[in-house]
Amino acid sequence: VPDRIWWKDGTVYQIYPASYKDSNNDGLGDIPGIVSKIDYIKDLGIDIVWLSPMYDSPQHDMGYDISNYEAVYPPYGTVADLETLIEACHSRGLRLILDLVINHTSDEHQWFKESRRSKADPKRDWYIWRPAKYAADGTRMPPNNWRSFFSGSAWQWDEHTQEYYLHLFATQQPDLNWENATTRRAIYDSAMEFWLQKGVDGFRVDTVNMYSKGTELPDAPVIDQGIFEQPASSLFCNGPRMHEFLREMNTQVLSKYDTMTVGELPGTPDPKHVLRYVGSGDKQLNMIFQFDIVDLGGGKTHKYEYEGYQLSEMKAIVAKWQQFIDGSDGWTTVFCENHDQGRSVSRFASDAPEWRERSSKLLAIMMCALTGTLFIYQGQEIGMINAPTTWPIEDYKDIESLNYYHSVAKRTNNDTEAVAHVMKSIQILGRDHARLPMQWDSTPYAGFTGKKDGAWMRTHDLYKEINVASQLNAPDSVLNFWKKMLQTRKAQKDLFIHGRFEGFDMDNQETFVFGKTFGKDRAVVALNFTDSEQPFKRPQVQGKLQLLVSNVGGVDGTEDMLSPYEGRVYLAL
Ligand code: TEU
């Protein structure tokens with residue numbers, strides 16, 4: 001019997017502070033706003049709250065550019081407000097985890113200000129500085145051809161000290177030098193101990209496999225023709241000292257507390273490698289977010305060159321990351337949304353008016369039936385969908401989308417087709433979709449803010465149709481369905497949270513049928529991912545299938561036919 005550790009059985013709810021609830025009508029969400037919604041979160045059936053960065057920051061990347069780990073971004077509140085939030089969670093039996101962003105800081109962090117002062121500064125080595133290279137014609141070139149996540153070179157020239165610094169993300173997010181032990185200790189003290197001592201229950205660890213980059217920093221192979229900067233994640237992810245650093249972090253900090261950690265693990269397709277991070281013996285991380293599911297459909301040269309995907313690919317990904325822990329002591333996660341992704345209903349099912357509620361419930365069934373710690377993102381519980389396709393690029397705010405859009409426009413000389421393709425990709429995958437204000441009710445700006453001229457980010461056109469208030473009292477709403485599914489998941493923990501996954505008919509492009517087994521118990525889940533009727537091929541399992549839950553209220557149509565976007569969970573008795 002797997003041990004019933006709180007972070008395995010718990011459901012996590014992610015909050016994006018800018019967009020959750022504005023309590024002081026300045027157009028931006030804040031911590032008192034979150035505190036005012038804690039009962040709502042508890043009532044949904046949540047156990048753990050994950051708060052995206054609320055630290056002081058110049059906000060070039062929505063707070064993932066931190067200028068002071070020990071302070072709160074003033075428009076969000078104060079350290080005292082955060083203490084109130086910890087207390088509000090704990091007094092209701094909820095835990096609170098923070099976002100730990102320690103691959104880089106803001107260029108306005110005191111450490112970087114000192115580092116860039118001079119080559120002789122004691123903190124020079126806290127960041128990654130390199131001299132320029134020179135082309136044959138004498139042109140100054142960056143140390144290598146790495147592309148940053150937000151387009152352009154990953155190197156920024158510093159006039160003052162005549163060297164480049166590395167930034168895998170925005171120019172304003174210089175990468176810390178983890179090779180330096182003093183730097184590592186400062187990170188542990190400032191970013192971790194400071195908050196652990198205040199009672200936070202752990203961390204979601206940003207870009208956790210990028211700390212160790214080696215010291216050679218070689219050029220990446222050319223994949224994107226006709227441009228200097230190349231995607232290089234295979235070169236900076238999972239570097240030589242990665243596991244050593246995480247063991248150190250665990251020994252020196254985490255092991256002293258009863259915490260949970262979940263690390264972001266992009267660029268790591270090999271399950272055996274992932275197991276090194278999450279195996280319980282090695283004491284590195286409790287679990288990770290593997291990126292296959294959220295990368296689905298993204299282009300090979302850039303995510304915003306959308307290519308689409310087939311259902312069989314999605315099924316294979318789910319199966320792979322469900323099964324990689326079979327027979328091991330590792331653990332996994334279940335998620336299909338976060339603040340970096342388009343809304344799951346729009347991406348993986350249908351946000352058409354006639355199907356969007358059913359689609360949301362279909363995905364809720366899938367999520368709640370899978371093994372691992374379940375993460376849901378604010379608004380997912382009411383079936384929030386992507387921004388309308390009528391919104392122009394000017395309504396988007398995210399640095400990743402805007403930089404890529406403008407770089408393609410520039411690079412292709414405003415080629416209509418190329419730009420339209422990027423726009424279409426952003427309409428599906430853009431990070432902004434998840435960052436629209438939370439839709440609380442049908443009052444102006446969805447009840448998110450009382451500010452006269454609206455929130456920092458445009459409110460979804462459909463907030464009157466999709467909001468918390470209207471769903472709370474509607475028995476068949478998406479919100480109430482999520483509540484029911486979360487209860488079902490808990491009531492049958494063995495099967496749903498800990499059971500062994502088995503996929504059936506995996507090449508079928510219309511339906512996803514899978515089994516979950518624990519001891520003698522067995523469940524069968526049948527999901528129709530199309531807008532037409534599909535045959536339900538009963539898998540070869542022993543016993544009679546008894547319907548436990550469905551997203552259409554009983555069986556719609558017949559036993560062996562699934563109606564559009566119908567989802568069912570059976571117990572095999
Ligand atoms: O994202 C890290 C990451 O690996 C990127 O792939 C990210 O998913 C991005 O969307 C690229 O498409 C984390 C945070 O989740 C993200 O919000 C931050 O911008 C980033 O780190 C930098 O801190």
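Residues numbered from 1 in each chain as written. Predicted model: local features only at pLDDT ≥ 70, side-chain atom pairs only at ≥ 80, totals over all residues. Heavy atoms only, no water.

A. Summary view of the pattern of salt bridges. Considering all chains together, one arrives at 38 salt bridges under this definition. Residues D258 and R95 are paired through a salt bridge, measuring 3.6 Å at the closest nitrogen-oxygen approach. Of this pair, D258 sits in the loop between α8 (242-252) and β12 (260-265) while R95 sits in strand β5 (residues 95-100), and the two are 163 residues apart along the sequence. Residue class for R95 comes out partly exposed when judged on its relative accessible area of 26%. (Salt bridge = Lys/Arg side-chain N within 4 Å of Asp/Glu carboxyl O. Helix = DSSP H or I, 4+ residues; strand = E, 2+ residues; numbered from the N terminus. Buried < 20%, exposed > 50% of the residue type's maximum accessible area, 1.4 Å probe, protein only.)

B. Quick peek at the site of the ligand. The full set close to the ligand counts 20 residues, and D61, R204, D206, D340 and E400 are the nearest of them. The side chain of H104 places a nitrogen or oxygen atom 2.9 Å from an oxygen atom of the ligand. Here an oxygen atom of the ligand sits 2.8 Å away from a polar atom, N or O, in the side chain of D206. Look at the ligand: alone it shows 490 Å² of surface, and the protein chains cover 95% of it. At a threshold of 2 Å from the grid points, most atoms of the ligand map onto the largest pocket. (Near = heavy atom within 4 Å. Polar contact = N/O pair within 3.5 Å; in protein donor to acceptor, adjacent residues only side chain to side chain. Areas by Shrake-Rupley, 256 points an atom, 1.4 Å probe, with all protein chains shown as cover. 1 Å grid on protein atoms, 1.4 Å probe; cavity = no way out; pocket = protein on both sides within 12 Å on 5 of 7 lines; lining within 4 Å. Sits in = over half its atoms within 2 Å of the grid points.)

C. Here's a closer look at the environment of S23. Relative to the helices and strands, S23 resides in the loop between β1 (11-15) and α2 (31-35). A C-alpha to C-alpha distance of 45 Å links S23 and G515, two positions 492 residues apart in sequence. Within the structure, S23 has its side chain in polar contact with the side chain of D30 (distance 2.9 Å).

D. Just the domain arrangement of the protein chain, in detail. Here the protein chain is partitioned into domain 1 (9-103 + 181-216 + 236-478), domain 2 (110-166) and domain 3 (499-572). Taking only C-alpha atoms into account, the centre of domain 1 sits 30 Å from that of domain 2. Each side of the interface is counted separately: domain 1 has 20 residues, and domain 2 has 12 residues. For the pair domain 1 and domain 2, the two sides together bury roughly 1,300 Å², of which 66% comes from carbon and sulfur. Looking only at domain 1, the three residues that lose the most surface to domain 2 are T183, K213 and F236, adding up to 34% of its buried area. Applying the counting criterion to the domain 1 and domain 2 interface returns zero salt bridges. One can count three residue pairs in polar contact (both at pLDDT 80 or more) joining domain 1 with domain 2. Looking at the side of domain 1 that touches domain 2, the elements with two or more residues in it are α6 (181-196) and α14 (399-411). Residue composition of the side of domain 1 that touches domain 2, by class: seven nonpolar, nine polar and four charged. (Domains from an automatic or database assignment. Contact = heavy atoms within 4.5 Å. Buried area = accessible area lost by both parts, 1.4 Å probe. Nonpolar A, V, L, I, M, F, W, Y, C, P; charged D, E, K, R; others polar.)

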